[in-house]
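Spelled out from the first residue to the last, the chains are:
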Amino acid sequence: MSIRRVLVANRGEIAVRIVRACRAVGAESVVAVSAADTDSLAARHANRTVRIGPATSSDSYLNQDAVLAAALGTGADAIHPGYGFLAENPEFAEACERNGLTFVGPSGDTVRTMGNKLAAREVAQRYGVPVVPGSGHITGYQDAVTAAEDVGYPVLVKAAAGGGGRGIRMVSGPDELRSTVEHASAEAAAAFGDGTLYLERHVATARHIEVQVMADRHGGVVHLGERDCSMQRRFQKIVEEAPASLVPEPVRTAMRESAVALTNGIGYENAGTIEFIYDADRDEYYFLEMNTRIQVEHPVTEAITGLDLVAMQLKVASGEPLPVAQDDVTFTGHAIECRITAESPEHGFRPAPGHITAWRPPDGCRIDTHCFDGYLVPPFYDSLLAKLVVHGSDRAQATERTRQALREFSVTGIDTNLDFLAFLTGHPDFLAGRFSTRWVEHNLDAFSPSP
Amino acid sequence: MELTHDDVLTILDLLDHSNVEYLELEVDGTRIVADRSGTAVPPAESAVLAPQPVAVPAVRAPEPNDPDLVTVPAPVVGVFYRAPEPGAPPFVQVGDAVADDTTVGLVEVMKMFNGVTAGVSGRVAEILVENDAFVEFGQPLLTIRPEPE
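Residues numbered from 1 in each chain as written. Chains lettered and ligands numbered in written order. Predicted model: local features only at pLDDT ≥ 70, side-chain atom pairs only at ≥ 80, totals over all residues. Heavy atoms only, no water.

### Description of the environment of A:S40
Residues and elements named next belong to chain A.
Here is step 1 of the chain: Tracing the sequence through the fold places S40 in the loop between β2 (28–34) and α2 (41–45).
Here is step 2 of the chain: Judged by relative accessible area, S40 falls into the buried class, the value being 11%.
Here is step 3 of the chain: The spatial distance from the C-alpha of S40 to the C-alpha of G220 is 37 Å, given a sequence separation of 180 residues. (Helix = DSSP H or I, 4+ residues; strand = E, 2+ residues; numbered from the N terminus. Buried < 20%, exposed > 50% of the residue type's maximum accessible area, 1.4 Å probe, protein only.)

### Quick notes on the nonpolar core
Residue and element names in this part refer to chain A.
Here is step 1 of the chain: The biggest cluster of nonpolar side chains holds 101 residues, and the ones touching the most others in it are L7, I79, V239, L385 and L424.
Here is step 2 of the chain: With eight residues, helix α1 (residues 12–25) is the single largest residue contributor to this core.
Here is step 3 of the chain: Judged by nonpolar contacts, the second largest core, of 25 residues, contains V211, A244, M255 and I274. (Core = buried A, V, L, I, M, F, W, Y, C linked by side-chain atoms within 4.5 Å.)

### Section: helix α7 (residues 141–151) of chain A
All names here are of chain A.
Here is step 1 of the chain: Where α7 is concerned, the buried positions are A144, A147, A148 and V151. Viewed along the axis of α7, the buried residues span an arc of 100°, placing them on a single side of the element. Turned more than 90 degrees away from the buried face of α7 sit Q142 and D150, all of them exposed.
Here is step 2 of the chain: The secondary structure elements touched by the buried residues of α7 are β6 (134–138), β7 (155–163), α8 (174–192) and β9 (197–201). (Arc of directions from axis to C-beta. Contact = heavy atoms within 4.5 Å.)

### Describing the confidence of the model for chain B
Here is step 1 of the chain: Across chain B, the average pLDDT comes to 78, with 58% of residues at 70 or higher.
Here is step 2 of the chain: Two summary scores accompany this predicted model of the complex, namely pTM at 0.85 and ipTM at 0.80. (pLDDT = per-residue confidence, 0-100.)

### Thoughts on the sheet that holds strand β9 (residues 133–135) of chain B
Residues and elements named next belong to chain B.
Here is step 1 of the chain: The strand order β7-β6-β4-β9 describes an open sheet built from four strands, whose pairing is antiparallel. Lying at the two open borders of the sheet, with one neighbouring strand each, are β7 (112–117) and β9. Ignoring strand direction, the axes of neighbouring strands in this sheet form an average angle of 35°.
Here is step 2 of the chain: In this structure, strand β4 (residues 78–81) lies alongside strand β6 (residues 103–109), joined through three bridges in antiparallel fashion. Within β6, the position partnered with Y81 by the bridge is L106. (Pairing = 2+ DSSP bridges. Axes fitted to C-alpha atoms, helices over the stretch in contact; angles between N-to-C directions.)

As structure tokens, then:
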């Protein structure tokens, strides 16, 4: 492989994951760390660490110049951005290229186009992929009123530059529209540097289904099946599974074909995820957005395909053709991932950083984590502690094993959402598949944490 | 072809007498990496991922032992320069008197030059990092023995 030394421009569990993939492909790893992460698990596992700045993300993990200087100063030839931080920043992808560094991901142009949700909708339509009924960009309140009448209430007001569940507001009627549009625009301008908004029809009984794709620069494209990420709270995923066995097979097949057509059409390279909404009432699916990075929930796909997606990313980025053809990709059993976070569900899910006095994960399943006995969860970053990934022969067995694993999982010293995850996966609705993206919102009252 | 121990020594010897900064050579699965820039990292281990002792960055200079000395850390990650331009005299030498706002060096990060100030008045005691070396954020660059102004 032409990539010899990879700078890991991320932290937490994904930095550990990337270091492991580097070893798998025989590359060296250099982990860029902030002053708060110098003793992180990724730092311990990597061949080397480089301190790039203080704890504050904007001065370290989001500081493009510091990350680039760290890569050049340590003789790295590639940068893996993980997810979040600089992973979907087109200027950063281009800056890597200008400095002779391989960005492990698609081109800056692709990141830019697909990063704008409105532009991505138009591109999807061009390749025959169905999109949610919605508007073009909204130029003001009056425009929004007209567009919302066309689309039909309730509508979602979305920031064109948003993503990952951020920058979305629901409006149930015309009364709320003015204040929401004004607020959302100001908020989007502040958060994403672009106040452009558009409207989308709100799908009441929605399942969030996404297709994993992988593409090389030689025209090779494969899909690696789909994931069901409908169990969400405030547009943030909590439990993900693969395959999406709760969606009819013909719909899943059509989604996969749409995903491959789009990936092919835009000349995509590296790992990508095409997110769809499945409208169970109408039995229709719509393109939502494309994520141009490795995703948090990639392990469920790995569990059912037996493939190492991050290692594949490194190989594809170094110019190698895809190691598998579509016919080589097989799907075995069912996998469920639970996101274990340092949050206190009994206190409105407030973040709960602090000292982990005992970290006791269950045996016999995959745990992607950066935690250990004595680890101090810093208050500066997101609250993800670990991903519990359980595989079974079918959905029922995977669910039962997940419940068992959650019972055995013990963390002391800080609050976690383990009880909440046990509540979700232990609920009759979960096993029966009777849930949509708004299930948590409707059932949260039924949750009472164990003493 | 297989590399013998003597072959490797010969290659390293040749390299030693050349102007080559960095060499990577792979013969039949044997890989030799020689780096004279001081930024080399050890080759990747193939062993199963297991907790290891905390990695000590290769270029980290030793912390001063003398508790009276004040350390001047790198304000950013980048390349440390002791002088305003190549060939010019350095900003400071060991023994020079400095005020808290005296510039004692530069750290370049992607063509942006960040001045490093002493932060304390006194005399330069040690210079811990060579000119043109890669430094990490917070890495000690020099030490100063404080003196009242």
